[in-house]
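Residue-level structural notes
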Amino acid sequence: MPENKYVCQCSCGETTFSVQGSPLLRCYCHCTICQEFNQAAFADISIYMAKNVVLPSPESLEYKAYRPPPAVQRGKCKSCGSPAVEFLQIPLLAKLIIIPTNTLHQDCVVDPALHMFYNSRVSDVDDGLAKFNGYWKSQAAFGHKLIVSLLGGRASSK
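The text that follows walks through the structure, step by step, so that each part is easy to find. The model shown is predicted, which means the values in this text are computed figures rather than measured ones. (Residues numbered from 1 in each chain as written. Predicted model: local features only at pLDDT ≥ 70, side-chain atom pairs only at ≥ 80, totals over all residues. Heavy atoms only, no water.)

Re the overall build of the protein
The secondary structure content of the protein amounts to two helices and 11 strands. Along its sequence from the N terminus, the protein presents helices and strands in the succession β-β-β-α-β-β-β-β-β-β-β-β-α. For the protein, whose C-alpha radius of gyration is 15 Å, the value lies close to the compact-globule estimate of 15 Å for 158 residues. Judged by the C-alpha coordinates and their principal axes, the protein covers about 35 × 35 × 30 Å. The burial tally for the protein puts 44% of its 158 residues in the buried class. In the protein, of all internal contacts separated by at least 6 residues, the share reaching a separation of at least 24 is 58%. Taking the 15 positively charged and 12 negatively charged side chains of the protein as two groups, their mean positions are separated by 6 Å. (Helix = DSSP H or I, 4+ residues; strand = E, 2+ residues; numbered from the N terminus. Rg over C-alpha atoms; globule rule 2.2 N^0.38 Å. Buried < 20%, exposed > 50% of the residue type's maximum accessible area, 1.4 Å probe, protein only. Contact = heavy atoms within 4.5 Å. Lys, Arg positive; Asp, Glu negative; His and termini not counted. Charge placed at Lys NZ, Arg CZ, Asp CG, Glu CD.)

Remarks on the packing of aromatic side chains
Inspection of the entire model under this criterion finds five aromatic pairs. A ring pair is formed by Phe37 and Tyr66, whose centres lie 5.7 Å apart and whose planes are at 85 degrees; its orientation type is edge-to-face. In this pair, Phe37 is assigned in helix α1 (residues 32–38) and Tyr66 in the loop between β6 (61–64) and β7 (72–77), connecting sequence segments 29 residues apart. Tyr66 shares its class with Phe37; the two are buried. (Phe/Tyr/Trp six-rings, centres within 6.5 Å; stacked < 30°, edge-to-face > 60°.)

As for helix α2 (residues 135–150)
In this model α2 runs 22 Å from its N-terminal to its C-terminal C-alpha over 16 residues, within 8% of the 22 Å that 1.5 Å per residue would give. Burial in α2 covers these residues: Ser138, Ala141, Phe142, Leu146 and Ser149. Projection of α2 onto a plane perpendicular to its axis shows the buried side chains occupying an angular sector of 125 degrees, all on one side. Exposed residues lying more than 90 degrees from the buried face of α2 are Trp136, Lys137 and His144. (Expected span 1.5 Å × (residues − 1). Arc of directions from axis to C-beta.)

Focus on the nonpolar core
By size, the foremost hydrophobic cluster in this structure holds 23 residues, and its most contacted members are Cys29, Ile47, Leu96, Met116, Phe142 and Leu146. Every element with two or more residues in this core is listed here: β3 (25–29), α1, β4 (43–49), β9 (95–100), β10 (114–116) and α2. For this core, the leading source of residues is β4, giving four residues. Counting residues in hydrophobic clusters, the runner-up holds 15 residues, among them Phe17, Tyr48, Leu61 and Ile99. (Core = buried A, V, L, I, M, F, W, Y, C linked by side-chain atoms within 4.5 Å.)

What about the pairing of β4?
Along β4, six of the seven residues are buried, which leaves the element largely enclosed by surrounding structure. Direction of pairing for β3 relative to β4: antiparallel, over a ladder of five bridges. Residue pairing in the sheet places Tyr28 in a bridge with Asp44 of β4. By the bridge criterion, five bridges tie β4 to β9 in an arrangement that is antiparallel. Directly across from Tyr48, in β9, lies its bridge partner Ile97. (Pairing = 2+ DSSP bridges.)

So, the sheet that holds β3
Strands sit in the order β6-β7-β8-β9-β4-β3-β10-β11 across an open sheet of eight strands; the sheet is mixed. Looking along the sheet, the strands with just one partner apiece sit at the ends: β6 and β11 (130–131). In this sheet, β10 lies alongside β3 in parallel orientation, the contact comprising two bridges. Across the sheet, Cys29 pairs through a bridge with Met116, a residue of β10.

Quick word on the sheet that holds strand β2 (residues 16–20)
Sheet strands pair via backbone hydrogen bonds, and the direction of the pair is either parallel or antiparallel. Pairing within the open sheet is antiparallel, and its three strands lie in the order β1-β2-β5. With one partner strand each, in any of the chains shown, β1 (5–9) and β5 (53–54) form the two edges of the open sheet. Two strands pair when backbone bridges link them, and β2 and β5 are joined in this way by two bridges, in the antiparallel orientation. Residue pairing in the sheet places Ser18 in a bridge with Val54 of β5.

Dropping the structure here:
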């Protein structure tokens, strides 16, 4: 039975896209790049396989590289400037799409799995989730959770 498709949008509604089903993973990223891109203390992001996302019109987005080489391509709505979509290509894995959780339909939202780059946090978060500091520990924890999800251990619904 095919999974449901849901329409998502940026805060002004000009940039719309759709997702199929629930994300592979949801997490909080406290890295300084995510703080700058999201204009927030941390990013609340949901990860989808690219094949499960119908992207917004390329004309509606403006991309910026925050770090060379840009491992993650980050796009904001040209109208309101809010984060809309990010692309992540991990070698030997499928292309992934990162979507701000607040743009998702409520039926797509899953429980968060972890905090990454917690050493860069603006303030402490007391939520009982695992918190990982530094580049390598954060990447390893994220990668582990992602691979488990890719192998069928999907995140639980909220």
